[in-house]
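# Coordinates in review
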Amino acid sequence: MTVFATEHKSVPGYLDMAANAHGAEKGLLMHRALQRLDSERPHLVEIGPGGGAAVNFLASRLRSEPKRPVDVDLTLIEVPDVASRSLTQAIDGFNRVGTCTLVRGFAQDIGTLLKNRADVISASALMHEVYSYGGGYSGLHSLMRTLPTVLNPNGFFAYRDLYAVRNDSLHERVTHAYDSPAWLQFIRMFTPRYLQYGTHPYHHAQDEIVARQNSRIVAVGELDPRTCAIISAPVGLFREIQRHYVTFRDHVWRSGALGFAPVLEGQLASDWLDTGSGHKRVHYTLTGTDWLPRSQKAMLLAVSEPYADHYTVDGDVFDECTDVALTAFLTASERGDSACSEIWAGWSAREGRETYAYLTLDDLITLFAVNSADSAREHPTVLLPTRPEDVLIRPRNYYNRYLTRRLANPLSDAKQLVLFRNIPISDSETLGEAMSAVRGSCSKRNLARVYSAVNLGV
């Protein structure tokens, strides 16, 4: 089992900045669930609050609603020793509109961590950490069986995570082409390490990754970044490579190692030229990096404009400059440059072994339903969405624009949000609504699995 990267998950700046964005999206389903509850004092639980973005969002909504519950109890479950200043501030802010308590422990132990059942449990990007650090699929399925036991009947589980793929299975083999030196360099350095040390499902013979350059099969760890590569592998593995590249790029941006650091939070981070197409203007500052060739900084400045105490540039141009700089950064890291190697090692330890997209939306809904129905209880329930609007896909237009311009076979970047209801199996009317609600998200084969699991629990 891979050990949870506590030290790297709690470094200054990660929770307070990198893991403290998208509060409105993280808290959206929790707030919707709260509005559907009939309780004077609801008990809400958030697993993995990070920097407290969702806590702040929920507190702001409660302050603005005149007809809110008399009181709201919010319990936060966070890994031991992972802390941030922004979360402490968020807790203080929530205590002015309700009651907020921080509990230390791991998500898979939620059955013993909660003293009272919850009306709503919320989590964002939780499953990939349980999968990566909590026992793989068995850990995931165990958590799915535990959740309904700590939720009140007709309570809700609100979940947000990375959108997987449109394919029926993450193991479906596809062929992708790469000609970007930065991407080829990253694939060469990341993929062998991920496959050897990460917790992932790609162990079967048909999951082998096969790379060709100049019509010859080459080991992935020996790819030449200067030569186009044709790679055959499970589509889920390509999803892992793509997502990890994006998170790595953000990480290096924040480090300032490329000689420039874009503004990634706040109003300046959303300076859109065209929101629908993901075209934005990037605001950035220069940093004191010495190893990067001066010509690269000079070229970036040549296409930028001064803006107050920093610079601004078209996002497409900035992405082009970033990939050039990342190529130099990765090459320096591979050659042993101490500063670059340290940044690469820190990111690899924190995120480089995690599996982000292990379930398609179809499988996510199905496995929650099947495993929750299989939980041994006197009054069985099943976790299922009950309305079509309980299943959402939120595209990441900026990343999709970048990926489309950089890759021959980009995979859509988005977030998938699902609001599950803890439905008593004896409630045939609500179960009928749920089966109708998931018809557009689940295959007929998986609908049959859900139907069978529910009826076995009657």
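These remarks concern the structure in this document. (Residues numbered from 1 in each chain as written. Predicted model: local features only at pLDDT ≥ 70, side-chain atom pairs only at ≥ 80, totals over all residues. Heavy atoms only, no water.)

### Things to note about the packing of helix α9 (residues 181-197) against helix α12 (residues 315-334)
The packing of two helices is summarised by the inter-axis angle and the distance between the axes. To keep it simple, the criterion reads: Angles run from 0 to 180 degrees between N-to-C directions of axes, and those axes are lines fitted to C-alpha atoms, restricted for helices to the stretch in contact. Segments assigned H or I by DSSP are reported as helices when at least four residues long, segments assigned E as strands when at least two residues long, and all are numbered from the N terminus. In a left-handed crossing the near helix is turned counterclockwise from the far helix by less than a right angle, and in a right-handed crossing that turn is clockwise. We call two residues in contact whenever any of their non-hydrogen atoms come within 4.5 Å of each other. Residue polarity follows a fixed list, in which Ala, Val, Leu, Ile, Met, Phe, Trp, Tyr, Cys and Pro are nonpolar, Asp, Glu, Lys and Arg are charged, and the others, Gly among them, are polar.
Contact geometry for α9 and α12: axes closest at 8 Å, N-to-C directions at 30°. Taken as a pair, α9 and α12 cross one another with a handedness that is left-handed. In this structure, α9 uses P181, A182, W183, Q185, F186, R188 and M189 to contact α12, whose residues at the interface are D323, L326, T327, L330, T331, S333 and E334. Residues of the contact of α9 with α12, tallied by class, amount to seven nonpolar, four polar and three charged.

### Concerning the pairing of strand β12 (residues 279-286)
Selection criterion: One bridge is not enough; two strands pair if DSSP finds at least two bridges between them.
With three bridges connecting them, strand β10 (residues 260-262) and β12 associate as antiparallel partners. In the sheet register, A261 faces β12, and the bridge partner there is T285. Relative to β12, strand β11 (residues 272-274) runs antiparallel, the two sharing two bridges. Within the sheet, the bridge partner assigned to W272 lies in β12 and is K280. In sequence, β11 turns back onto β12 through a hairpin of four residues, with G278 there showing a positive phi of about 80°.

### Description of the pattern of salt bridges
Heads up, the rule is: The term salt bridge refers to a pairing of a side-chain nitrogen on Lys or Arg with a carboxyl oxygen on Asp or Glu at a separation within 4 Å. Working definition: with a 1.4 Å probe on protein chains only, accessible area under 20% of the residue-type maximum means buried, over 50% means exposed, and in between means partly exposed.
Counted under the stated rule, the structure contains 16 salt bridges. A salt bridge links R396 to E25; the nearest nitrogen and oxygen atoms lie 2.6 Å apart. Of this pair, R396 sits in the loop between β16 (391-395) and α15 (397-406) while E25 sits in helix α3 (residues 23-35); the two residues are 371 residues apart in sequence, bridging distant segments of the chain. Considered together, R396 and E25 belong to a single accessibility category, that of buried residues. Between D73 and R41 there is a salt bridge, with the nearest N and O atoms lying 2.9 Å from each other. With D73 in strand β2 (residues 73-78) and R41 in the loop between α3 and β1 (43-47), this pair connects stretches of sequence that are 32 residues apart. Put simply, E25, R160 and R396 are held in one network by salt bridges that share partners.

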